[in-house]
Amino acid sequence: MKDWVKEAIVYQIYPRSFLDTNGDGIGDLPGIIQKLDYLRDLGVNALWLSPVYASPNDDNGYDISDYYSVNPEFGTLSDLQKLIGEAKARGIRILMDLVINHTSVEHPWFQASRDPQSPYHEYYIWREGLDGGKRPPNNWTSFFGGGAWERDEQNGLYYLHLFSPKMADLNYNHAPVAEEIKRIMRYWLDMGIAGFRCDVINVISKRTLQDGRKRFALTGREHYLSAEGCHTLLKSFREDVLSEYDCFTVGETVMVTPKTANELCKELDMVFSFAHMETDQINNKWFKTRFKPHKFFNVLETWQSGVAWNANYFENHDQPRSVSRFGYDLPLYRYYSATSLATVLLALRGTPYIYAGQEIGMTNGYFTGMGDIRDTESFNINALAKKLRFPEKFRWKLIMRTSRDNARTPMQWNGGANGGFTEGEPWLGVNRNASYINAEADENAENSIIQYYRRLILLRKTLPSLIDGNFTRLPAPAGVFAFRREFEGEAVVAVCSLVKNERALFKPVSGEVLAGNYIKPAGNEICLRSVRPYEAILLRQK
Ligand code: NOJ
């Protein structure tokens, strides 16, 4: 792996929600350009932009209708070029989202493919229905709930969609499709972007279309998860395109184990896995249980020890806010829990990903009913749960806790109208806590989360043990994660609590304080015997 890839600290932007500069209530590329100094000062050196391509927005850009153009809501191609250049001038690289499992049904390829005689017909997965077209071709279910096939009125055939019915899966058994994707990759890499976050990349190749084993979620998955064909495709992307550029790839990979992740990392630099994000749920993400820190820590440990290089994240545009989910989002411990999570994130081995707003401790959204929700997945799940006769109150509880809109509320820049995000009507309501949780207030707070992030980011840049050091978990009481990173005789020890009670350590830990959310300023030698609620500390040991 290249040094710059190893040293990257990635900040994810959901462009719709970052900063609106033209008053249409939707974040845009000029808004990102305006905040580049903020991002440089934070210390991040790569930005991953969620999709900015042309899209009818059934899934906010994950449904692409033209891979070669920028969604006018976000600006123009020249805005994007300007962003690439301005970011570069600040030492920041731009990563784009590569969504190639599916396209929007409005993509011209799909429109043409509806005609069975068209050369584009084979670009998608079209099949005759069973029972004279009454039933879908197989029993697969979609990631967004419900069946994975939709019948097209025009040709009477069914097409496969592992996500929304407005997003049709591409057919990688048809060679020209991969060639189209390579062309797209080259186009953006030639424009100066530094790499890709590859959306649901380990589902792109379907081995067969046989019925799947009936399951609570994702029936059919054994026929496509991390299939051999996916490796073949990724290998050809690497050999034919990526190897010619100095670039970065991170794959979003569903249901991977350390073993399958390591396999995928032969072709990608690193992968996002979900196991740690599944420790507070039963069966699927909608059924959450109480957060149990020890489960979370155990999974992190397994991945730290099992995978050569991890892509570490605790939140993104698909997950609830981490301070609400794994921490404590009320004033008493919001600062402490947000910074304790930050310590784990930035001290683990692997590349850290910070999701916009995480650096100021933004919390889950505040929604009063389905009328406040914008996310297609939440609508699907609500409809499905209604069909299953789940009572309305219960359905709402599921949506409030897990809806992806929790993390998509607009960035809270200041305490003014709409949190300073827009002068218009925001596309999704700004959280009502924006008056006191916002970047400006946090910057000036005595306990500032962003200042803590800056400190840790700086440490990652100056201490080789945080990049190259090995990972060893240390014994610690329940709710406390302690680990050591050691490289060439220098060691850093992190002790991080994710519980509200004080905890006595099994053994005192001594060292020089590099960072701490209770202990300030850094630099002193201490001997730590216990940790306070959500306390985190990073120590240097010689
Ligand atoms: C994963 C993306 O992160 C999510 O937002 C999207 O809905 C699905 N892939 C489908 O593209």
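Residues numbered from 1 in each chain as written. Predicted model: local features only at pLDDT ≥ 70, side-chain atom pairs only at ≥ 80, totals over all residues. Heavy atoms only, no water.

## Some details on the overall build of the protein
From N to C terminus, the protein includes 16 helices and 23 strands. Its C-alpha atoms give the protein a radius of gyration of 23 Å, within 12% of the compact-globule value 24 Å for 542 residues. Principal-axis analysis of the C-alpha atoms places the extent of the protein at approximately 75 × 50 × 50 Å. In the form shown here, the protein has an accessible surface area of approximately 21000 Å², with 49% of it arising from carbon and sulfur atoms. Across the protein, the mean location of the 64 positive side-chain charges is 7 Å away from that of the 65 negative side-chain charges. (Helix = DSSP H or I, 4+ residues; strand = E, 2+ residues; numbered from the N terminus. Rg over C-alpha atoms; globule rule 2.2 N^0.38 Å. Areas by Shrake-Rupley, 256 points an atom, 1.4 Å probe, with all protein chains shown as cover. Lys, Arg positive; Asp, Glu negative; His and termini not counted. Charge placed at Lys NZ, Arg CZ, Asp CG, Glu CD.)

## Quick look at the site of the ligand
Neighbouring the ligand are 14 residues, the closest being Asp59, Asp199, His317, Asp318 and Arg404. Separating an oxygen atom of the ligand from a side-chain N or O atom of Asp59 is a distance of 2.5 Å. When the ligand sits alone it has 290 Å² of accessible area, and the protein chains cover 98% of it. Of the residues contributing to the shell around the ligand, the split by class is 5 nonpolar, 2 polar and 7 charged. (Near = heavy atom within 4 Å. Polar contact = N/O pair within 3.5 Å; in protein donor to acceptor, adjacent residues only side chain to side chain. Nonpolar A, V, L, I, M, F, W, Y, C, P; charged D, E, K, R; others polar.)

## A look at the sheet that holds strand S8 (residues 149–151)
Spatial strand order, S7-S9-S8: 3 strands in an open sheet with antiparallel pairing. Of all strands in the sheet, those bounded by a partner on one side alone are strand S7 (126–127) and S8. In terms of strand pairing, S8 meets strand S9 (residues 158–160) through 3 bridges, oriented antiparallel. The residue bridging Arg151 from the neighbouring strand is Tyr158, located in S9. (Pairing = 2+ DSSP bridges.)

## A short note on the side chain of Ser65
With respect to the helices and strands, Ser65 occurs in the loop between strand S3 (53–54) and strand S4 (66–70). A relative accessible area of 16% means that Ser65 is categorised as buried. Here Ser55 takes part through its backbone nitrogen, which lies 3.5 Å from a polar atom of the side chain of Ser65. Among residues more than four places away in sequence, those in contact with Ser65 are Ala54, Ser55, Pro56, Ser104, Glu106, His107 and Pro108. (Buried < 20%, exposed > 50% of the residue type's maximum accessible area, 1.4 Å probe, protein only. Contact = heavy atoms within 4.5 Å.)

## What about the packing of helix H6 (residues 175–191) against helix H7 (residues 228–240)?
At a minimum axis distance of 11 Å, the contact between H6 and H7 shows a crossing angle of 40°. Relative to H7, the element H6 is oriented oblique. Taken as a pair, H6 and H7 cross one another with a handedness that is right-handed. Counting all contacts with H6, which are made through Ala178, Ile181, Lys182, Met185 and Arg186, the residues of H7 involved are Leu233, Ser236, Phe237 and Asp240. (Axes fitted to C-alpha atoms, helices over the stretch in contact; angles between N-to-C directions. Parallel < 35°, antiparallel > 145°, perpendicular 65-115°, else oblique. Left-handed = near helix turned anticlockwise from the far one by under 90°.)

## Looking at the pattern of salt bridges
The tally for this structure, following the rule as stated, stands at 33 salt bridges. Arg16 is the salt-bridge partner of Glu73, the closest N and O atoms lying 3.0 Å from each other. You can see Glu73 sitting in the loop between S4 and helix H4 (77–89) and its partner Arg16 sitting in the loop between strand S1 (10–13) and helix H2 (29–34), a full 57 residues away along the chain. In this structure Glu73 comes out as partly exposed when scored by relative accessible area, which is 24%. The exposure class of Arg16 is buried, given its relative accessible area of 8%. A salt bridge links Arg90 to Asp37; the shortest N-O distance between them is 2.6 Å. Here Arg90, found in the loop between H4 and strand S5 (93–98), pairs with Asp37, found in helix H3 (residues 36–42); they are 53 residues apart in sequence, far enough to count as distant. Sharing partners across several salt bridges, the network here consists of Asp59, Lys285, Asp318, Asp375, Glu377, Arg404 and Arg408. (Salt bridge = Lys/Arg side-chain N within 4 Å of Asp/Glu carboxyl O.)

## Points about the packing of aromatic side chains
What the rule picks out here adds up to 39 aromatic pairs. On the basis of an interplanar angle of 50° and a centroid distance of 6.1 Å, the ring pair of Phe216 and Phe287 is categorised as tilted. Residue Phe216 is located in the loop between strand S11 (195–198) and H7, and its partner Phe287 is located in strand S15 (residues 284–288); the two are separated by 71 residues in the primary sequence. Overall, the relative accessible area of 54% leaves Phe216 in the exposed class. Ring geometry for Phe481 and Phe483: centres 5.0 Å apart, planes at 50°, overall tilted. Since its relative accessible area comes to 0%, Phe481 is described here as buried. By relative accessible area, which is 0% here, Phe483 ends up buried. The ring of Trp413 has Lys35 sitting right over it, with the charged end atom 4.1 Å from the ring centre. (Phe/Tyr/Trp six-rings, centres within 6.5 Å; stacked < 30°, edge-to-face > 60°. Lys NZ or Arg CZ within 6 Å of the ring centre and 35° of its normal.)

## Some points on the domain arrangement of the protein
You can read the domains of the protein as domain 1 (103–169) and domain 2 (463–541). When each unit is reduced to the centre of its C-alpha atoms, the spacing between domain 1 and domain 2 is 53 Å. (Domains from an automatic or database assignment.)

## Digging into unusual backbone geometry
Backbone geometry at Val200 places phi at a positive 30°, although glycine is not the residue there. One can find Val200 in the loop between S11 and H7. The phi dihedral of Tyr534 is positive, around 55°, even though this residue is not glycine. Secondary-structure assignment places Tyr534 in the loop between strand S22 (525–531) and strand S23 (536–541).

## Some thoughts on the pairing of strand S17 (residues 351–355)
The buried fraction of S17 amounts to 5 of the 5 residues, a majority that puts the element mostly inside the structure. Because side chains alternate across S17, one face comprises the buried residues Thr351, Tyr353 and Tyr355, and the other comprises Pro352 and Ile354, equally buried. Of the pairings in the sheet, the one linking S1 to S17 comprises 3 bridges and is parallel in character. Across the sheet, residue Tyr11 finds its bridge partner in S17, namely Ile354. With 2 bridges connecting them, strand S16 (residues 311–312) and S17 associate as parallel partners. If you follow Asn312 over to S17, its bridge partner there is Pro352.

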